[in-house]
Amino acid sequence: MKFPAYDNHFHMSPSGRNILAAKEYESAGGTGFTLVTLPYEEVQISEPSDFLKSFKITLSLADKVREQTNLKINIAVGPYPILLIPLAERYGLKKAEQMLITGMEDAAKLVADGKASALGEIGRPHFLVDEDIIVASNRIMLRGMELAHENDCPVIIHCESESYTNKSLVDIAKAAGLSAEKVIKHSSPPLITLEETYGLTPSIPASRSSIKNALSKGNKFMIETDFVDDPKRPTFVMPATTVPKRINGFYQSGILTKEQIYRMCEDIPDSLYSRHK
């Protein structure tokens, strides 16, 4: 039986396997994915407009997939939050922050023009950094969420996964006027109840343990591989074909029902990435 199989966090790189990986994904039963911008080796960020060069690479890769497959592609563009650190070391924190904000505004224009469906991945470092980096990252993220609110689109958040994380993200979203459900926590722990998420949307790794843990509490989540398309690490973070293989295997073994599959792989992504304005 044919099911939707949607990977909510998938990268492609010009120097990677890109279209070949996408074709393998489709052959394994994949029906769509969210293509998320990476800090591409081909683009060195030295001025704010350089972010747009990266976004255009993402759009080009998506066009390539659409031309050569039947996959449904949603595109997320945004300034990768970890870049704040090297840019601050090179130009000072104030200028680096403004560079990422400009990149965020350029990404939002692509959403407004209908070329992208989400801002992401944006956020803050997932590891220990100086407080001034966190404060600046939160200001950048707030601007991103304001722009998401203006454009009726979701944000895909890269950040830490501590106990306070989800509430802090939803608090920033509230300040920006953005609905909590439009905040997508990338690489989320299997925290899916309202008490655990504060209303945001978790996107959990497509590991057996994470999916089983999440399913024990409900079905309001998406799954992802965070496939990086690095030619030196071809299966990092997970192989490109993981989601369709996991969906099929879990259905065959009775772990997933048809209704649960449609919920996580069609209903939730469609509700988030289909703009209503």
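Just above, that's the structure.
Residues numbered from 1 in each chain as written. Predicted model: local features only at pLDDT ≥ 70, side-chain atom pairs only at ≥ 80, totals over all residues. Heavy atoms only, no water.

A. Looking closely at the overall build of the protein. On a plain count of helices and strands, the protein comes out with ten helices and eight strands. Compactness check: the protein gives a C-alpha radius of gyration of 18 Å against a globular reference of 19 Å for 277 residues, within 12% of the reference. Projecting the C-alpha coordinates of the protein onto the three principal axes gives extents of approximately 55 × 40 × 35 Å. Evaluated residue by residue, the protein yields a buried proportion of 57% over its 277 residues. Considering only contacts within the protein whose residues lie at least 6 apart along the sequence, 69% involve residues at least 24 apart. Considering the protein, the positive charge centre built from 32 side chains and the negative charge centre built from 35 side chains are found 3 Å apart. (Helix = DSSP H or I, 4+ residues; strand = E, 2+ residues; numbered from the N terminus. Rg over C-alpha atoms; globule rule 2.2 N^0.38 Å. Buried < 20%, exposed > 50% of the residue type's maximum accessible area, 1.4 Å probe, protein only. Contact = heavy atoms within 4.5 Å. Lys, Arg positive; Asp, Glu negative; His and termini not counted. Charge placed at Lys NZ, Arg CZ, Asp CG, Glu CD.)

B. Focus on helix α6 (residues 165-176). Under the 1.5 Å per step criterion, the end-to-end length of α6 is 17 Å for twelve residues, consistent within 8% with the ideal 16 Å. Taken residue by residue, α6 has T165, N166, S168, L169, V170, I172, A173 and A176 as its buried positions. Next to the buried residues of α6 lie α5 (131-151), β5 (155-158), β6 (183-185) and α7 (194-197). Within two residues after α6, G177 carries a phi angle of roughly 80 degrees, on the positive side. (Expected span 1.5 Å × (residues − 1).)

C. Molecular detail of the nonpolar core. Formed by 94 residues in total, the largest nonpolar core has its most connected members in F33 and M145. The leading source of residues in this core is helix α4 (residues 93-112), at nine residues. Sequence-distant contacts of M145, defined by excluding residues within four places in its chain, comprise V155, I157, L169, I172, A173, A176, L178 and V183. (Core = buried A, V, L, I, M, F, W, Y, C linked by side-chain atoms within 4.5 Å.)

D. Just the environment of R66, in detail. Among the structural elements, R66 can be located in helix α2 (residues 50-68). A residue is classified by how much of its surface remains accessible, and R66, at 39% relative accessible area, is partly exposed. When the C-alpha atoms of R66 and P244 are compared, they prove to be 18 Å apart, with 178 residues separating the residues in sequence. Residue contacts for R66: discarding those within four places in its chain leaves I73 and I75. Polar contacts involving the side chain of R66 include one to the main-chain carbonyl oxygen of I73, which spans 2.8 Å. (Polar contact = N/O pair within 3.5 Å; in protein donor to acceptor, adjacent residues only side chain to side chain.)

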